[in-house]
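# Observations on the model geometry
Residues per chain are reported as follows:
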Amino acid sequence: MAHKEFKIFSECPHPDERQRRQIAKDLGLEPKQVKFWFQNKRTQRKTQTERANNNALRVENERMHNENLVIKEALKNIICPSCGGPPYGDEGHEHSLKQLRLENARLKEEHEKVSSLLARYLEKQMSPPELQQAFIPITGSSSHAPAHGNSLNQEIDGSLCLDRSLGKQIMDGDHLLSNSLGSEGIEKALMSKVAITAIEELVRLLRINEPFWIKSSTQDGKLSLHHENYEKIFPRTNHFKGANVRVEATKDSGIVSINSIQLVDMFLDSDKWVNLFPTIVTKVETIKVLESGLVGNRSGALQLMFEQMHILSPLVQPREFQFLRYCQQIEEGVWVIADVSFDSFRQKTSIFHSWRHPSGCMIQEMPNGCSMVTWVEHVEVDDKIQTHQLYKDVVGIGIAYGAERWIMELQRICERFACFYVEKIPNHDSEGVINSLEGRRSIMNFSHRMLKIFCESLTMSGNLGFPHLNMENNSGVKVSIRKNTNLGQPNGMIVVAATSIWLPLHYMKVFEFFTDDKRRAQPFIPSENNALILQESFTNPMGSYVVYAPTDVTTMNSAIKGEDSSMLPVLPSGFVISADGEPNAALGAFNSANIERLGGSLLTVAFQILASTPNGINVPNMESVAAVNTLLTSTILKVKDALNCNNLE
């Protein structure tokens, strides 16, 4: 009977009323007995199942407990993969969380800086997804030759085919924007985009005159930017605010006697670059080379540079730029070199008061070994210190730092290079010329370095005012004192004094006076008896220079013999003559017989004197300052007297 009941229970543990009555009938029992039996049997089975489950859970719990003990012991001996030290304890963990919070705040601040800088170039703030989208890799490969095209010759909206390998190289592989990239990688990617955008804009400005450029009615037909038409195509916001903000944009072209690839290499070498423009560029530094470009043509070269520019007079403020220089060969024998200002992420605000919009030049190879250079100079200037009244017109109409000055200086220096490599002088031109090739080159290098030192001295980095010359047309004397330890200049305290005056004479008449040994009775510079004078002079409508320095016979003989002149000491002084900025004054026809009212000129006189003092730069030798001031004052009076301009007082 029991076996039959267990079989029924296993088949139906929950019988209904009808089933219980049938079971009771079959077993000869009461239905209630059957009902209670099934209840008891179900309770018994439940208890057995729970007991079995509890035992299994107890075993599992004990196993996990043992594993936990093993893991804890293992953690005590673990080594940090980053630093090789023990893991953080509770305090270390809290410290780590604190550091992570600080790092998160730093990264957030960094993102805001990046977004702010992008807004400067891309005209809007950017969220992180937009920031990621902004740096999609640019297609192209540095292994391919540069694409060429001339669609811009036909229409303003044509597309420019450029080698975009630079952007791809910066953005490929590990350089893709990610959490591990950091601001440095983002900055490199942004440099690529800014450079490519700048060169595309510059090519349009270089190749197309109308509607961007219009001929000036007051400056002998020179090209000036039509700002309204320009901003329709290239909308942008001003980088500076205030009443003293000024935009200068000029364009000019000319042929230079140097082959194109040699000129491109010189533009991309900071030492050679400063030697190309000694009267304009006073300091240059290559901060970082991002791409060196293709071998043979330098296409794709990109570098971050710093440049200080200064011209004519201490009254003209120097300009400083931090900018990207990007070189691209856009056609066979045609290169474009674009400069555009770029502020580092590390700079919270720009420290410069000049901003260079896409500027630069196009260099076209010519069959005779020369190059056609077309130049665009487009800058925005914040004159915190307003330009002196004497030079206000010169700076304002673009003569001071305009494209024409860059072209003329490049032409002059390239002609000088050509003379540097002339091996033999014809007999009819050889009077007074150094016959030795090595000697000529040594003297030319000596003279070129003299000119550079003179132009650098005009920046007057630290100056003292000496308003002794309070004439209406005079600027007063500016004095700068420096302690020199540079090779190639006398060691010790050097006093520089300079002043600028206006003369009612054409600049050519003033220049002829200073270069005429018969009319100029004496050199306006102190020198010892029997000292030789090394002089360099040249002229063009943008500015004329007469620079000279006393030197002893031994030094000069050393240079004439062809010895290295780079370390020979020289302390130059001189004169700078320029047109006064009146329309057509610079380029007006010059007639030596009838010079009246063809335009006035601005004359800068600058002297340097070695003043020994044992007390250093903080204690200037005031006797030397007074002496050079007296010399400068007397020189101005002598010049005015010789030129019949004493009535200016």
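Residues numbered from 1 in each chain as written. Predicted model: local features only at pLDDT ≥ 70, side-chain atom pairs only at ≥ 80, totals over all residues. Heavy atoms only, no water.

## Details of the side chain of R356
- By the element assignment, R356 lies in strand β8 (residues 354-356).
- Classification of R356 as buried rests on a relative accessible area of 2%.
- One polar contact links R356 to E307, side chain to side chain, over a distance of 3.2 Å.
- Contact partners of R356, with chain neighbours within four places excluded, come to E307, M309, F321, F323, D339, V340, S341, E377, H378, V379 and W406. (Helix = DSSP H or I, 4+ residues; strand = E, 2+ residues; numbered from the N terminus. Buried < 20%, exposed > 50% of the residue type's maximum accessible area, 1.4 Å probe, protein only. Polar contact = N/O pair within 3.5 Å; in protein donor to acceptor, adjacent residues only side chain to side chain. Contact = heavy atoms within 4.5 Å.)

## Structural notes on the packing of helix α13 (residues 437-457) against helix α15 (residues 553-560)
- Their axes nearest at 7 Å, the elements α13 and α15 cross at an angle of 125°. Compared by their axis directions, α13 and α15 come out oblique. Residues G439, S442, I443 and F446 of α13 lie in contact with α15, whose contacting residues are T555, M556, A559 and I560.
- Here the residues of the contact of α13 with α15 sort into five nonpolar, three polar and no charged. (Axes fitted to C-alpha atoms, helices over the stretch in contact; angles between N-to-C directions. Parallel < 35°, antiparallel > 145°, perpendicular 65-115°, else oblique. Nonpolar A, V, L, I, M, F, W, Y, C, P; charged D, E, K, R; others polar.)

## Describing helix α14 (residues 507-515)
- Taken together, the buried positions of α14 are Y507, M508, V510, F511, F513 and F514.
- Residues of α14 that are buried in the fold lie against β13 (492-503), β14 (532-538), β15 (544-551), β16 (573-579), β17 (601-610) and α16 (622-642).

## Examining the side chain of S578
- Residue placement: S578 occurs in strand β16.
- What makes S578 buried here is its relative accessible area of 4%.
- If we ignore the near neighbours within four places in the chain, the residues touching S578 are L312, Y391, Y507, M542, G543, S601 and L602.

## Observations concerning the packing of aromatic side chains
- Scanning all chains against the criterion turns up 15 aromatic pairs.
- Judged by centre distance (5.4 Å) and plane angle (45°), the rings of Y230 and F234 are tilted. Of the two residues, Y230 and F234, neither departs from the other in class, the shared state being buried.
- Through pairs of rings, three or more aromatic residues link up here, namely F267, W273, F277, W375 and W406.
- Taking NZ or CZ as reference, R325 lies 3.9 Å from the ring centre of W273, over its face.
- Between R412 and the ring centre of F538, over which it is positioned, the NZ or CZ distance is 3.8 Å. (Phe/Tyr/Trp six-rings, centres within 6.5 Å; stacked < 30°, edge-to-face > 60°. Lys NZ or Arg CZ within 6 Å of the ring centre and 35° of its normal.)

## Things to note about the pattern of salt bridges
- In the structure shown here, the tally under the stated rule is 17 salt bridges.
- The residue D265 makes a salt bridge to R298 at a minimum N-O spacing of 3.4 Å. Here R298 lies in the loop between β4 (281-291) and β5 (302-309) and D265 lies in helix α9 (residues 260-267), a separation of 33 residues in the sequence.
- With a closest N to O distance of 3.7 Å, R412 and E536 form a salt bridge. Here the residue R412 occupies a position in helix α12 (residues 403-420), and E536 occupies one in strand β14, the gap between them amounting to 124 residues.
- Overlapping salt bridges, with partners in common, bring together E307, R325, D339, R356 and E377 in one network. (Salt bridge = Lys/Arg side-chain N within 4 Å of Asp/Glu carboxyl O.)

## A look at the pairing of strand β7 (residues 334-341)
- Most of β7 sits inside the fold, with eight of its eight residues counted as buried.
- By the alternation rule, side chains of β7 split into V334, V336, A338 and V340 and W335, I337, D339 and S341, which are all buried.
- Bridging between strand β6 (residues 319-331) and β7 involves eight bridges; their strand directions are antiparallel. Of the residues in β7, the one forming a bridge with F323 is S341.
- In this antiparallel pair of consecutive strands, β6 and β7, the connection spans two residues, and G333 shows a positive phi of 80°. (Pairing = 2+ DSSP bridges.)

## With respect to the confidence of the model for the protein
- Overall, the predicted model of the protein reaches an average pLDDT of 77, with 73% of residues at or above 70.
- Overall, residues 135-181 carries pLDDT values under 50, and its contacts beyond four positions in sequence, including any with other chains, amount to 98 contacts.
- Contacts of residues 467-473 to residues separated by more than four positions or lying in other chains number twelve contacts, the stretch itself having pLDDT below 50. (pLDDT = per-residue confidence, 0-100.)

## Thoughts on the nonpolar core
- Core analysis: the biggest nonpolar cluster contains 67 residues, and L263, F267, F277, V373, W375, L410 and Y545 have the highest contact counts within it.
- In this view, F277 contacts F267, W375, W406, E409 and L410; residues no more than four positions away in its chain are not counted.
- One finds I196, A198, V203 and L223 within the second-largest nonpolar core, a separate group that totals 32 residues. (Core = buried A, V, L, I, M, F, W, Y, C linked by side-chain atoms within 4.5 Å.)

## With respect to the environment of V625
- Looking at the element boundaries, V625 is found in helix α16.
- Taking C-alpha positions, V625 is 8.6 Å from A611, a pair spaced 14 residues apart along the chain.

## Describing unusual backbone geometry
- Cis geometry is found at the peptide bond from E210 to P211, where omega equals 10°.
- By the secondary structure assignment, P211 is in the loop between α7 (182-207) and β1 (213-215).
- The phi dihedral of N644 falls on the positive side, at around 60°, and the residue is not glycine.
- Within the secondary structure, N644 sits in the segment after α16.
- In this structure N644 comes out as exposed when scored by relative accessible area, which is 68%.

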